[in-house]
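# A structural walkthrough
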Amino acid sequence: MAAKRPRDPPIEAGRMGGYRTGPVSGCPVATPPPSLGLCGDREAGLEPTMAPSDLMGAAEDLADQFLRVTKRYLPHLAHLCLISTFLEDGIRMWFQWDEQRDYINISWGSGPILATLFVLVNMAGQLAGCVLVLARKYVPYACFGLFGIIFMQTIAYSILWDLKFLMRNLALGGGLLLLLAESRSEGKSMFAGVPTVDDISPRQYMQLGGRVLLVLMFMTLLHLELGAFTIFQDIFGMALIILVAIGFKTKLAALTLVVWLLVINLVQNAFWTVSPARPLHDFLKYDFFQTLSVIGGLLLVVALGPGGVSMDEHKKKW
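For the structure given in this document, a descriptive report is provided here. What you are looking at is a predicted structure, and each value in this text was computed from that prediction instead of being measured. (Residues numbered from 1 in each chain as written. Predicted model: local features only at pLDDT ≥ 70, side-chain atom pairs only at ≥ 80, totals over all residues. Heavy atoms only, no water.)

## What to know about the overall build of the chain
Filter applied, for reference: Put simply, DSSP H or I for four residues or longer makes a helix, DSSP E for two residues or longer makes a strand, and each gets a number counted from the N terminus. The buried label applies to any residue whose accessible area, calculated with a 1.4 Å probe on protein chains only, is under 20% of its type's maximum; exposed applies above 50%, and partly exposed to all values in between. We call two residues in contact when some of their heavy atoms are within 4.5 Å. Accessible areas in this description were obtained via Shrake-Rupley with a 1.4 Å probe; residue shielding takes into account the shown protein chains only.
Scanning the chain from N- to C-terminus turns up 12 helices and 3 strands. When burial is assessed residue by residue, the chain has 39% of its 318 residues classed as buried. For the chain, the proportion of contacts with a sequence separation of at least 24, taken over those separated by at least 6, is 64%. About 19000 Å² of surface is accessible on the chain, with carbon and sulfur atoms providing 68% of the total.

In structure tokens form, the structure reads like this:
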């Protein structure tokens, strides 16, 4: 009598190279292959792709890492850049004393005494304000003094009727607003007792005003030409400055704008390549330091954050 074939022991179902073993016979049964994933993509010869949100997240992580490394030095660099235009103007008034005095005297018919007083107040006010800001002493008073200098120069040099220069002066005012906001601690505010709305302090409104006024500086850099690169430059920069103004992805947008404006400033306003005897030298020098001051304001945005009146802050409540 033929020996009876013993039954195969049950085999637990499991995956073996895309097949499943049967519970009795062990015969492979086809199953759908598992998803490849990142490793599978590489094994299959496909390049892994990153979603735009992943790229944005990686860029924000890089910006945060930069802030962690530079947090001790960034505010000082921001202050130096911000007051650079006032510092340069004060020093220039010292070396061009006669020219400045004669210009005011001829333009306004004020006489040599009043013209000399105007130049003296401008020079002393700017240099003293810069020293106080860099020393971090009496910063609010220094800011108000520099606000006064901006107002005086806007009137005296007829900047009020030149839209481009007016917008740049307003942008400088925005940078000073950010500096004033930084100097105001929540506990010892000059606006103590002023009612707030939704826990938003006047300091945060200063940050909003500073961010919005910085937009004006970039608008003066728009070329409005038909070249491909010029159109890209205008659209790219305008998108970034709008993000800074509304406070969305603020630190990343402001840091990107800092790099962007720094490159443009070094390329387009290279006054050191022009002879000092040419009028173009003074115009480029003026533009260079004004742009550097706005870069300082953007660095303060990076260091301080957007403040309470911003989309970044409201996203935390959603």
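After presenting the structure, the write-up continues.
## Topic: helix H6 (residues 139–156)
Selection criterion: Here the expected length of a helix is defined as 1.5 Å per residue gap, with one fewer gap than residues.
Given a rise of 1.5 Å per residue, 18 residues ought to cover 26 Å, and the 25 Å separating the end C-alpha atoms of H6 matches this to within 8%. For H6, the complete set of buried residues consists of Val139, Pro140, Ala142, Cys143, Leu146, Ile149, Ile150, Gln153, Thr154 and Ala156. Where H6 is buried, its residues contact helix H3 (74–95), helix H4 (97–108), helix H5 (112–135) and helix H7 (163–183). Phi turns positive, to about 60 degrees, at Ser158, one or two residues after H6.

## Notes on the nonpolar core
Side chains of a nonpolar character, in soluble globular proteins, are inclined to be buried together. Our working definition: The nonpolar core is taken to be a set of buried Ala, Val, Leu, Ile, Met, Phe, Trp, Tyr and Cys residues, with the residues joined through side-chain atoms within 4.5 Å.
Counting 55 residues, the largest nonpolar core has Phe86, Leu179, Phe218, Leu257, Leu261, Leu298 and Leu299 as its most contacted members. In terms of residues, this core owes the most to one element, helix H11 (residues 279–304), which gives 11 residues. Those residues in contact with Leu299, other than ones at most four positions away along the chain, are Leu74, Leu77, Ala78, Cys81 and Val258.

## Describing the packing of H7 against H11
Selection rule: Note on definitions: angles span 0 to 180 degrees between N-to-C directions of axes, and those axes are lines fitted to C-alpha atoms, for helices only across the stretch in contact. Left-handed describes a crossing in which the near helix is turned anticlockwise from the far one by less than a right angle; the clockwise case is right-handed. When residues are sorted by character, Ala, Val, Leu, Ile, Met, Phe, Trp, Tyr, Cys and Pro go into the nonpolar class, Asp, Glu, Lys and Arg into the charged class, and all the rest, Gly among them, into the polar class.
Two numbers describe how H7 lies on H11: the axes approach to 9 Å, and their chain directions differ by 35 degrees. Between H7 and H11 the crossing geometry is left-handed. Along its contact with H7, which presents Phe165, Arg168, Asn169, Ala171, Leu172, Gly175, Leu178, Leu179 and Glu182, the element H11 presents Tyr286, Asp287, Gln290, Ser293, Val294, Gly297, Leu300, Val301 and Leu304. The residue makeup of the contact of H7 with H11, split by class, is 10 nonpolar, 5 polar and 3 charged.

## Examining the layout of surface pockets
With a probe scaled to a water molecule rolled over the atoms, the places where space remains empty come into view. The criterion, for reference: Buriedness of a pocket was judged along seven lines, with at least five required to meet protein on both sides within 12 Å; pockets are open sets of points on a 1 Å grid over the protein atoms alone, cavities are sets where a 1.4 Å probe fits but cannot get out, and lining residues have an atom within 4 Å of a point. Grid points are joined across faces, edges and corners, and a volume is the space filled by probe spheres set on the points.
Its volume calculated, the largest pocket comes out at about 830 Å³. Taken together, 29 residues form the lining of the largest pocket, with Asp89, Arg92, Gln100, Tyr157 and Tyr286 sitting closest to its centre. If you list the elements that add at least two residues to the lining of the largest pocket, you get H3, H4, H6, H7 and H11. Across the lining of the largest pocket, the residue classes break down as 13 nonpolar, 8 polar and 8 charged.

## Observations concerning the pattern of salt bridges
Condition: By definition, a salt bridge exists where a carboxyl oxygen of Asp or Glu is found within 4 Å of a side-chain nitrogen of Lys or Arg.
Going through the model one piece at a time under the given rule, you end up with 7 salt bridges. In this structure, the salt-bridge partner of Arg92 is Glu88, at a minimum N-O distance of 3.6 Å. Of the two residues, Arg92 and Glu88 both sit in helix H3, 4 residues apart, roughly one turn of that helix. Its salt-bridge partner being Asp287, residue Arg168 comes within 2.6 Å of it at the nearest N-O pair. You can see Arg168 sitting in helix H7 and its partner Asp287 sitting in helix H11, a full 119 residues away along the chain. A single salt-bridge network, built from bridges that share partners, covers Glu88, Asp89, Arg92 and Lys285.

## Details of the packing of helix H8 (residues 202–219) against H11
It is the contact of H8 with H11, at a shortest axis distance of 11 Å, that shows an interaxial angle of 145 degrees. For H8 against H11, the interelement crossing comes out left-handed. Seen from H8, the contacting residues are Arg203, Gln207, Arg211, Leu214 and Met217; seen from H11, they are Gln290, Thr291, Val294, Gly297, Leu298, Val301 and Leu304. Residues that form the contact of H8 with H11 fall into these classes: 6 nonpolar, 4 polar and 2 charged.

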